[in-house]
Structures are given as C-alpha cells and as structure tokens.
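Observations on the three-dimensional arrangement
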Amino acid sequence: MKRNSGKSDRLTRHEREGLQFISLWITGFIILRLFPAVFSFIFSFSDYSLFGGISEWGMMNYEKIAGDITIITSLFTTLEYSLITVPLRLLTAFGVALLLNRNIKGMAFFRTVFYIPSVLGSSVAVAILWTALFRNDGTANALLSSLGLPEVNWLSEKGSAMFVISLLRIWQFGSSMVVFLTALRSVPRDLYESAEIDGAGKVRRFTSITLPFISPAIFFNIITQIGLAMQEFNAPFVITKGGPRGSTTLISLLIYNSAFQMRDLGLSCALTWVFFIILSVLIAVIFSTQKHWVFYADETEEL
Amino acid sequence: MKTHLLRIAALASAVLLTASAVSCTGSGNAQKRISFSWWGGESRHEATMNAVKAFEEKHEDIKIDVKFGAWDGWEDAMTAAFYAGTQTDIVQINWNWLDVFNSDGSLFLDLNTVSDYLDLSGYTEAELDPCTFDGKLEAVPVSLTGRIFYWNRTVFEKAGLDVPSTLKELYNAGEVFREKLGEDCYPLALAEYDRMMLMVYYLGAQYGKPWIEDGKLNYTEDEICKGVEFIDSLEKGHVIPSIAEISGDGSITFDRSPKWMNGEYAGIFEWDSAASKYQNALEGNGDFVVGDYFSDFGKYDGGYSKISLAFAVSAKTAHPEECAEFLDFILNDPEGTALMGVERGIPINRNAVSVCDAAELLKGIEKEANDKVLANAGFSFDIKFEDPKLKTSPEGIYYDAFSGLSYGEYSTEKTAKIISDGVKNVLGETGK
C-alpha cells in the first residue's frame, strides 16, 4: 500500500514536471495561436473596422468573398503560384541532389554553394536585390541585350511579374535539396549492386529502387512546400506590391492589405479562414494519396 | 515544496524591491515624463531634437522621451500604436489621421481644455477649423501644403525648350522629348495618385468648384470623364510614361527612381513640402526649379491646399498641461520656433512666421513653392479625399482607376464611373 502510494506520488511529480517543461509552449500556443484563431473566427462574422469598431454581425464577409472578383482572382493566383513553384522547385532540388550525391573531391563545397540561397531565406533584402535585377534597366535586361535578345518588362507585365516572384522561390531550393540528398544517401548500396547483377539498367534501378526509397522525402517536400508557397508574402509585398493589376496579389498579401491598409479587419479574418480551409483540404487530399505511392521501409519489414 | 515556496518568495521580493527602487527614483526628482513622436528626414530630426533639448533646459521638471523615424513604414507603426493605445503623449499626425484613426473623437485631447498653456492666438478660427470636430480642437495645424510642378530645367534645355508654363507647351514638350531625347524620356512623370491629384486640379480650374463640398462629391461622371480624358491625353501624347513603364522602374517613389536622377523624367507634380527630397535626389546634376500653374488649364484658380501635418495630444496622457506647454514652446516661443525652423513647411502660426522671417528662414525653394501653392489654392481638400479606401496602394480606388486606364483595361468612361462610385461610397452616398 505504501509502495503503491509512493509510486503514484512520483508519477504525479513527473507529470507535473512535464507540464512545467511544456508550460511555456502551452502559454505561447494559447496567446499566439489559439487566441488569434478564436478571435479571427468570431470577428470574421462582423464588419470589424480597425478604428471604427463593429456595427454589424453576419455573413457579409463570406458573401463578399464569394462574389468579389478581386478576391477570387487572388485565390486562383495563389494556386497558380503554388502550382508553378512547387513542382519546379522540387524538380530543381531533386536534380541538383542527384548531381551532388556523388563521391567526388570537393563535393562538400558545391553542396554549401547550392544551399546558400536558402540560408539567405525569403528575406526582404533578397527581394530588394531581385527588384534591382529585374527592373527595366536591371541586370536581366542587360544580359538579354548583350545576347541580342529583346528586353522584357519583367515587373510591369502580368505574366513576367509572376515569373519573377516564382523564380525567387525556385532559386531558394536548398532546404528541399538537403532533404532529397539525405534520402538519396540512405538508399542501401547493396540493393543497387544486386539489381545490377540481375541486369537492371539505370532507368530500372532509378524507378524501382531510388524512387520508392525516397518517396517519403518527396511526400514530405510536397506537403511542406505547398504550405509555404501558399503562404508566400515577402516576394509580392516587396517586389511587385501585388501588381501589375493584381496579377501577383497572393492571398496572404490580400489579407494584409485588407487588415492594415483598408482597415477591414472583419474581411481580413474571413479571408484567413477561407484560406485555411482551402489549404487544409488541399493538404488532406495529398495525405490521402500517400498510401498509393509513398513507400515506408518499416512497412515492408512488417509484411 | 518548502524550497519552491522559498524560491517564489525570493523572486517576488526581488521584483518588489526593484519596482520600489524605480518608483523612488522617479518620485525623488519629481520629474514629469512626456513622450513625443514624429516622422521626417535627418534635418527635421536634428531641428526637433534641438528644440526638445532647449525646452528641457528651460523646464527642468519635464523630461521628453522622443521617438522618430522616416515616413516609410511610419503610418503602419502608428496604426498599430493607435490600435493598441500605445501612442506617445504628443503625436505628429497627418491631417487625415483625425478622420481615419479618430472617427469617434476619443483618441486625442481637446486642446481648448489646455488653452491656458497653449497660446492659439497665432491662428485664425478658419485655420483651426479643419482640426475642429464637434467643437473639439483635436490638433494644431503646422503648415499648409499643395501640389505644384517641379522641373529639371537642364533636361528641358537639352531638348531646346524652356520649362513649360502652359498646357500647350507641355504637350509640345512631350513630342520634342520623344524626337530629340528618345522614347524613354518624358517631360513629366505621374504615378496613379499623382494623376488623381492633377485631374482634380484640372477639373477645379475648368469648373471652378471643389471636388467634395458639404460631404458630397461635387462632380458628375461626365465631368470626371473630362478629367480622365485629360490624363489619358497626357499619356497618349508622350507627356507622361505609362503606369507599366513606371512599375518597371522598380522604385516606390520618383525620388528613388534612377530615371528621375538621370533626367529621363524631367518633371513631377508634388507637394510643395517635398521639394528638397527631389532636389537632393538629383545630386546637383540638374537645375531643379518650381513650375507655374498653367495659365490655359482653365479659367479658375483650381489649386488645392491642405494641412500638411499637425500636432495632437493623446487623450491618455497623464500630463496634458506639460504637453501643451511643450507645444506652445515649438509653435509660439521665439526660441522654440527658431529652432524648429521651416522643417515642417512654412508655418501657419503667425508668431512662428515672424520669428522665421526675422531669422531669414523664409526663403529658398520651399518658400517659393508654398507661395505659389497658396496663391493658386482656390479650394481646400476635404479630409475624406485621402481616405485609405481611396488612397492606399494598390487596393485603393485611385490606384485601381488610373492603373486600369493606363493598362487599357478601363475606358475613360469606366474609369470615371469607378472614381465616382468609389468616392461616393466613402462619403456614404448611395452612389450607384
């Protein structure tokens, strides 16, 4: 009886200590995540103006979102941006990871070099540099001129402005590359040797060994990159200001403009929730497909 | 458990001791602390800091905590401060902030309540009226400003022309620039908001009535369309570059545009108080001159003026009298006004004007521009003219209308309708 009681006390103390350890995180979660989420959900049903307060409650913001061409265009622009940048960024990262997955002298140097853009991150400074590269009298046009090609209005034409902000995201492929590289290096060498002895060609080895083994890494990269691309803010905010004519106004920029420029906090909150639902559905759909194409090594062992 | 209790007790004692030590220091000196914030450039910071120091020397019982920075990002920071209620005691404000941030009138102190400490005799009632709402004086205006042409005369001379003094000469300059200086050179550069401004000035000169009167838009869609056609004709006549061309420069404002610096854009239509910024951007590579309003613009003086900025006192301040004393020092006192100079434009306050005049501060390009602006200003801007729903980039109505026109997405009629509906919506008229 006495021993049981002591054990129970110790367990309680452990639990208490555990709670103490995560109490900071819980506090942060409540203040920085839960409270704003609940706050934004409630106020998404109001006409909350940043300085005018609330005069009306209802579905007006959601009705506006459903009928406002600017908002719908922005949602499609965000999807377009994600559909351009995620595949191209992952293909670039994978291609470079394949090249760097060789045991050649000095390879560590090249790995570092390719990772540098990601260290710089999607910072404002890099975005400003990007503007300087692509403005009418910038380096990109100077390069085109020197090759005898016509100059392009990179920042002021709809298609090219989207290209400029997409290129910045694709260029910063380092983090995805590191994930691919780690996955590639974890593929057992003996499998390749066995396959080679069995007469498998390079393509067959790639499709039957490499791809299945790195599929969890591909899955991880797709999920994280879609999440990040859909939330992109810095590039359109600094480089194009959402222009020309709203062609690069991604949804996060629209949320910011609604709240802090137009002072329409209610609409901004509703936009956030609509965007959250769209992103959640998208991620859920991708998750549901994983059982068809993602191969986990421990699953085979169980089989 | 006992150890825990002891630790908590020790920590609590330490916090209490520190707090009491801090409060003792404060009460020992009996010094009152007030805070003051403003935006501006280096020279304004320097002048204001000197005035703050001089005031503190005169009033040893008052300490002023200052907060200042450049305009970029300042409005966003102040938006957050006003929303959170963390604004300074004395705030330099944009005139339209009285409408945008203070629509219920609770943010700023009624300065009539501290008129024993703040002498308002340097202003006429009409001058204080734009800052008075429901009988409450919510801020004191510092200076008046308006838009005016500035030219880089060196570029015009290169094209064999003098700076334009009529609209006809401006149209001609567009053609001559194209022929002699090249497709990329323009006599004037106007971004979306500048176009709106110039259109309103043009319509004022044409019709002789203010843009907004008694809280209502004073122009019909057909009249606005005439103004839009005028702006469109400038772009078509190679007088101004297209919005696409300006966006392609990758600069937020013309004073940062390489095309302004190297003379490809030879003119701007800007606030008179912004002269030095554009002059400095030329770095001595051009003869920067103040232009005249065009004599053939219309038969009326269609110019506008507005309060460039004002000082307000937070309603939350614990020391309203001290705040008023400081404002009195920088707005009326001979020493304070001399130190503040004309860094915030040519003062409205007559006491400050006589001090600046005696100190020979009322000269130079700002004075010349301000004189021309005020001489031509037949009207005052309504406070709603700069409402965020109209003025902000890129979501505001002015930006949408004029970039849509320039990109060929809107006809002149549709542009006029967008402006008319947008303004009426902000003014609370039914509009459509």
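Residues numbered from 1 in each chain as written. Chains lettered and ligands numbered in written order. Predicted model: local features only at pLDDT ≥ 70, side-chain atom pairs only at ≥ 80, totals over all residues. Heavy atoms only, no water.

Let's shift gears to the overall build of chain B. Along its length, chain B carries 19 helices and 13 strands. The proportion of buried residues among the 432 residues of chain B is 55%. Counting only carbon and sulfur atoms, one obtains 51% of the accessible surface of chain B, whose full area is about 18,600 Å². (Helix = DSSP H or I, 4+ residues; strand = E, 2+ residues; numbered from the N terminus. Buried < 20%, exposed > 50% of the residue type's maximum accessible area, 1.4 Å probe, protein only. Areas by Shrake-Rupley, 256 points an atom, 1.4 Å probe, with all protein chains shown as cover.)

Let's shift gears to the domain arrangement of chain B. It is common to give the size of an interface as the accessible area lost on bringing the parts into contact. Residue and element names in this part refer to chain B. With domains assigned, chain B is organised as domain 1 (32–144 + 306–365) and domain 2 (147–305 + 367–382). The C-alpha centroid of domain 2 is placed 30 Å from the C-alpha centroid of domain 1. Taken together, the contacts link 9 residues of domain 1 with 16 residues of domain 2. Together domain 1 and domain 2 conceal approximately 1,100 Å² of surface at their shared face, both sides included; 62% is due to carbon and sulfur atoms. A per-residue breakdown of the area domain 1 buries against domain 2 is headed by Leu-144, Lys-306 and Ile-365, which together make up 59% of the total. Here domain 1 and domain 2 share 0 salt bridges between them. Along the contact surface separating domain 1 from domain 2 lie 6 residue pairs in polar contact (both at pLDDT 80 or more). Tallied by class, residues from the side of domain 1 that touches domain 2 come to 5 nonpolar, 1 polar and 3 charged. (Domains from an automatic or database assignment. Contact = heavy atoms within 4.5 Å. Buried area = accessible area lost by both parts, 1.4 Å probe. Salt bridge = Lys/Arg side-chain N within 4 Å of Asp/Glu carboxyl O. Polar contact = N/O pair within 3.5 Å; in protein donor to acceptor, adjacent residues only side chain to side chain. Nonpolar A, V, L, I, M, F, W, Y, C, P; charged D, E, K, R; others polar.)

Residues and elements named next belong to chain B. Following the sequence through the fold, Ser-242 ends up in the loop between helix 9 (221–236) and helix 10 (243–248). On the accessibility criterion, Ser-242 (18% relative accessible area) is buried. Those residues in contact with Ser-242 that sit more than four places away from it in its chain are Arg-195, Glu-235 and Ser-406.

Residues and elements named next belong to chain B. A cluster of acidic residues, Glu-157, Asp-162, Glu-169 and Asp-296, forms a negative patch on the protein surface. As for its position among the elements, Glu-169 is in helix 7 (residues 167–181). Judged by relative accessible area, Glu-169 falls into the partly exposed class, the value being 37%. (Patch = residues over 30% accessible without salt bridge, like charges linked within 9 Å, V, L, I, M, F, W, Y side chains within 5 Å. Lys, Arg positive; Asp, Glu negative; His and termini not counted. Charge placed at Lys NZ, Arg CZ, Asp CG, Glu CD.)

Quick look at the interface of chain B and chain A now. Facing 28 residues of chain B, the contacting portion of chain A comprises 23 residues. Together, Tyr-83, Gly-248 and Glu-395 of chain B form the three largest contributors to the area buried by chain B at its contact with chain A, with a combined 26%. At the junction of chain B with chain A, the criterion picks out 4 salt bridges. Between Glu-75 of chain B and Arg-263 of chain A there is a salt bridge, with its nearest N and O atoms 4.0 Å apart. For the pair chain B and chain A, the number of links is 11 residue pairs in polar contact (both at pLDDT 80 or more). Taken together, the elements giving at least two residues each to the side of chain B that touches chain A come down to helix 3 (74–84), helix 10, helix 17 (388–391) and helix 18 (397–406) of chain B. When residues of the side of chain B that touches chain A are assigned to their parent elements, the largest contribution, 5 residues, is made by helix 3 of chain B. Of the residues in the side of chain B that touches chain A, the class split is 11 nonpolar, 9 polar and 8 charged.

Attention shifts here to the packing of aromatic side chains. Residues and elements named next belong to chain A. A complete count under the given rule lists 66 aromatic pairs over all chains for this structure. Between Trp-130 and Phe-134, the ring centres sit 5.7 Å apart and the planes meet at 50°, which makes this aromatic pair tilted. Placement of both Trp-130 and Phe-134 in helix 5 (residues 124–134) is noted, with a separation of 4 residues, approximately one turn of the helix. Both residues of the pair, Trp-130 and Phe-134, count as buried. Geometrically, the ring pair formed by Phe-237 and Tyr-256 is edge-to-face, given 5.3 Å between the ring centres and 75° between the ring planes. Here the residue Phe-237 occupies a position in helix 11 (residues 234–240), and Tyr-256 occupies one in helix 12 (residues 251–261), the gap between them amounting to 19 residues. Classification of Phe-237 by relative accessible area gives partly exposed; the value is 24%. (Phe/Tyr/Trp six-rings, centres within 6.5 Å; stacked < 30°, edge-to-face > 60°.)

A few words now on the pattern of salt bridges. Enumeration according to the criterion identifies 27 salt bridges over all chains in this entry. The closest approach of N and O atoms between Lys-384 of chain B and Asp-99 of chain B, which form a salt bridge, is 3.2 Å. Residue Lys-384 of chain B is found in the loop between strand 13 (377–380) and helix 17, and its partner Asp-99 of chain B is found in helix 4 (residues 97–100); the two are separated by 285 residues along the sequence. Classification of Asp-99 of chain B as buried rests on a relative accessible area of 17%. Across the salt bridge formed by Glu-183 of chain B and Arg-178 of chain B, the nearest N and O atoms sit 3.8 Å from each other. Connected via shared salt-bridge partners are Lys-158 and Arg-245 of chain A together with Asp-400 and Glu-409 of chain B.

It is worth spelling out the nonpolar core at this point. Among the nonpolar cores identified, the biggest contains 81 residues, and Leu-198, Met-199, Trp-211 and Ile-419 of chain B are the most heavily contacted of them. Of the residues forming this core, the biggest block, 10 residues, is contributed by helix 8 (residues 192–207) of chain B. Apart from residues no more than four positions distant in its own chain, Met-199 of chain B is found in contact with Trp-211, Ile-224, Gly-227, Val-228, Ile-231, Phe-402 and Ile-419 of chain B. By size, the runner-up hydrophobic cluster in this structure holds 61 residues, among which are Met-107, Val-126, Phe-180 and Ala-229 of chain A. (Core = buried A, V, L, I, M, F, W, Y, C linked by side-chain atoms within 4.5 Å.)

Along the chain, the position of Phe-35 of chain A falls in helix 1 (residues 2–43). Residues Phe-35 of chain A and Ser-74 of chain A, 39 residues apart in the sequence, show an inter-C-alpha distance of 27 Å.

This part takes up the state of the cysteines. Residues and elements named next belong to chain B. Counted by the stated rule, this structure contains 0 disulfides over all chains. Free of any disulfide, Cys-131 has its nearest neighbouring cysteine sulfur in Cys-323, separated by 17 Å. When its relative accessible area of 0% is taken as the criterion, Cys-131 is described as buried. (Disulfide = S-S within 2.5 Å.)

Here we take up the side chain of Thr-210 of chain A. Residues and elements named next belong to chain A. Mapped onto the secondary structure, Thr-210 falls in helix 10 (residues 202–230). Among the polar contacts made by the side chain of Thr-210, one reaches the side chain of Tyr-192 at a distance of 2.6 Å. Excluding anything up to four places from it in sequence, Thr-210 contacts Leu-184, Tyr-192 and Arg-205.

Before going further, it helps to spend a moment on the sheet that holds strand 10 (residues 267–271) of chain B. All names here are of chain B. Read from one edge to the other, the open sheet built from 3 strands follows the order 10-7-11, with strand pairing classed as antiparallel. Of all strands in the sheet, those bounded by a partner on one side alone are strand 10 and strand 11 (288–290). Along the sheet, successive strands turn relative to each other by an average axial angle of 35°, direction set aside. One ladder, built from 3 bridges, connects strand 7 (residues 147–152) with strand 11; its direction is antiparallel. The residue of strand 11 that forms the bridge with Trp-151 is Val-289. Docked against the sheet, helix 8 engages strand 7 and strand 10, running at close to 80° with respect to strand 10. The sheet contacts of helix 16 (residues 364–376) involve strand 7 and strand 11, and relative to strand 11 the element is tilted by about 30°. (Pairing = 2+ DSSP bridges. Axes fitted to C-alpha atoms, helices over the stretch in contact; angles between N-to-C directions.)

Residue pairs three or four apart in sequence face the same way in an α-helix, which turns once every 3.6 residues. All names here are of chain A. Counted at 1.5 Å a residue, the expected span for helix 7 (residues 158–171) with its 14 residues is 20 Å, and the 20 Å between its end C-alpha atoms agrees. Of all the residues in helix 7, the buried ones are Ser-160, Ala-161, Met-162, Val-164, Ile-165, Ser-166, Leu-168, Arg-169 and Ile-170. In this fold, the buried residues of helix 7 make contact with helix 3 (69–100), helix 5, helix 10 and helix 11. (Expected span 1.5 Å × (residues − 1).)

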